Amino acid sequence: MSDKTSAILDQFKENQEKTTIDTSKTLRVGIIGTGWIADAHIQGYKKMPDVQIVAGSDIIDGKAEAFFKKWEIEGAECYTDHKEMLKNAQLDAVSICTYNRTHAVCAIDALESGVSVLVEKPMSVTLDEAVAMCKAEKKSGKLLSVGFQPRFDPNMQMIKKIVESGELGEIYYIQTGGGRRRGIPTPFGTTFIEEKTAGIGALGDIGCYSLDMVLNAIGYPKPLTVTGYTSNFFGTDPGYYKTHPEYAELFGVDDFAAAFIRLEGGIIVDFRIAWAMHLDTSGDTIIMGKKGSLRIPSTECWNGTVGGEMKIYHNVAGEPVETIIPIIVDKSEGMFYNKIRSFLDCVKNGSASPVPSSQILINQAIVDGIVQSGKLGREIEVSIPNID
Ligand SMILES: NC(=O)c1ccc[n+]([C@@H]2O[C@H](COP(=O)([O-])OP(=O)(O)OC[C@H]3O[C@@H](n4cnc5c(N)ncnc54)[C@H](O)[C@@H]3O)[C@@H](O)[C@H]2O)c1
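Conventions and cut-offs
Residues numbered from 1 in each chain as written. Predicted model: local features only at pLDDT ≥ 70, side-chain atom pairs only at ≥ 80, totals over all residues. Helix = DSSP H or I, 4+ residues; strand = E, 2+ residues; numbered from the N terminus. Buried ≥ 20, exposed ≤ 12 C-beta atoms within 10 Å, placed from the backbone. Pairing = 2+ DSSP bridges. Contact = placed C-beta atoms within 7 Å. Axes fitted to C-alpha atoms, helices over the stretch in contact; angles between N-to-C directions. Core = buried A, V, L, I, M, F, W, Y, C linked by C-beta atoms within 7 Å. Domains from an automatic or database assignment.

With respect to unusual backbone geometry
- Cis geometry marks the peptide bond from lysine 121 to proline 122, where omega comes out at -5°.
- Among the secondary structure elements, proline 122 is positioned in the loop between strand E5 (116-120) and helix H6 (127-140).
- One non-glycine residue with positive phi stands out, namely glutamate 72, at about 55°.
- Positionally, glutamate 72 belongs in the loop between helix H3 (63-70) and strand E3 (77-79).
- Positive phi values are uncommon outside glycine, yet tyrosine 220 reaches one of about 50°.
- The class for tyrosine 220 is buried, based on 20 C-beta atoms found within 10 Å.

Pasting the structure below:
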């Protein structure tokens with residue numbers, strides 16, 4: 001490796017700082033929706049010395065009680081109506097772990113009750129819902145953050161660092177997305193695949209991650225137009241399911257989506273996402289700039305992470321050179337813990353959201369644009385209403 005190449009690499013060396021938790025103030029935390037992902041939230045909260053888990057709600061009678069019993073949380077109040085919980089439990093913060101369709105209503109109710117919100121991804125199903133959530137946040141003066149834990153993966157952070165370093169120059173084209181050969185998420189039931197609970201499929205599950213990976217790196221420019229496509233050939237095929245052919249009847253969302261998106265500043269995003277396909281990967285993510293390009297390998301069962309060492313293609317002393325960015329091993333408590341921790345730190349010190357709603361609103365506008373354009377079968381203009 002030349003001195004010049006190693007100097008380039010040095011600027012991307014890992015820097016993982018450990019922080020200490022201020023226990024002088026404790027936070028009263030509740031959980032709305034005590035299903036599968038709520039397990040990950042409660043495991044995070046249980047590790048935090050400044051958190052009291054005081055309440056939970058689930059529309060299924062007895063589910064919140066069973067959840068707290070399983071996680072050995074004594075004295076937590078249990079509700080079947082999240083509004084009752086918000087009225088009685090005097091919460092500082094709430095995790096919203098319900099299925100997609102109820103993210104908006106629960107988040108707005110919490111913010112209107114003066115409670116800060118960490119809502120699971122996707123932010124919502126529609127752009128209108130996301131706008132209403134942002135308005136409720138602004139009016140409440142509380143915090144709304146969206147649960148995009150890949151943001152806390154040091155390898156994802158490296159992508160942003162590389163783009164911001166200027167090493168790639170001006171970005172003009174991005175290819176992103178991810179795919180699973182056989183990855184429709186049904187191991188714990190059908191809330192991911194039914195229209196009435198999920199509303200959107202692969203797009204809302206992993207598509208929003210893939211968009212965030214690149215849009216966050218380039219500073220979240222707004223979309224201008226979207227040409228979108230969605231399909232559901234696998235989810236609606238009874239032969240796809242080994243044990244539950246009846247799921248095909250229930251399947252009401254997308255299992256594949258693709259789009260061509262024009263962003264402000266003239267950047268093009270070529271996007272595709274698959275829960276299922278006859279292919280190993282739908283391609284690596286590439287970010288092409290006037291001075292260099294970055295290749296980010298996909299993973300086999302894409303879940304929003306970097307699949308291997310990244311490569312910068314650029315010229316050094318006029319010669320084409322490839323700089324390898326090795327995978328960084330996360331030595332912290334992990335990205336899921338860090339997403340919750342950073343949210344609570346902001347609730348405590350009043351600082352800006354670690355995954356701001358203003359950015360994820362743009363992400364949701366693109367997801368919504370793909371759905372709408374797919375329905376119409378043509379390109380559409382995207383405009384995001386003002387949040388005032
Ligand atoms: N960040 C991640 O890695 C990750 C992983 C999996 C799921 N998720 C997201 O988490 C959300 C939930 O997924 P899941 O797999 O836990 O689903 P799930 O179906 O297992 O759990 C959802 C729970 O919410 C409850 N619920 C629905 N509406 C409610 C309401 N108004 N009040 C109280 N409870 C309500 C349901 O009864 C159910 O128990 C989804 O939006 C999904 O996209 C995120």
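Overview of the sheet that holds strand E8 (residues 223-231)
- Pairing in this open sheet of nine strands is mixed, and the strands run E14-E13-E12-E11-E7-E10-E9-E8-E15 from one edge to the other. The sheet terminates laterally at strand E14 (319-325) and strand E15 (380-381), the two strands that pair on one side only.
- Of the pairings in the sheet, the one linking strand E12 (residues 292-296) to strand E13 (residues 310-316) comprises four bridges and is antiparallel in character. Each residue of the ladder has a partner; that of serine 293, found in E13, is tyrosine 313.
- Across the face of the sheet, helix H11 (residues 357-376) comes into contact with E8, strand E9 (256-263) and E15 while running at roughly 55° to E8.

Overview of the nonpolar core
- Leu91, Val94, Ala107, Val117, Met133 and Val214 are the most contacted members of the largest nonpolar core, which totals 112 residues.
- The greatest single-element share of this core, amounting to ten residues, is contributed by helix H8 (residues 202-217).
- Looking at this core, you find at least three residues from each of domain 1 (27-149 + 336-355) and domain 2 (151-333 + 364-376).
- Setting aside its immediate chain neighbours within four residues, valine 94 contacts Val29, Gly30, Ile31, Ile32, Ala110, Val115 and Val117.

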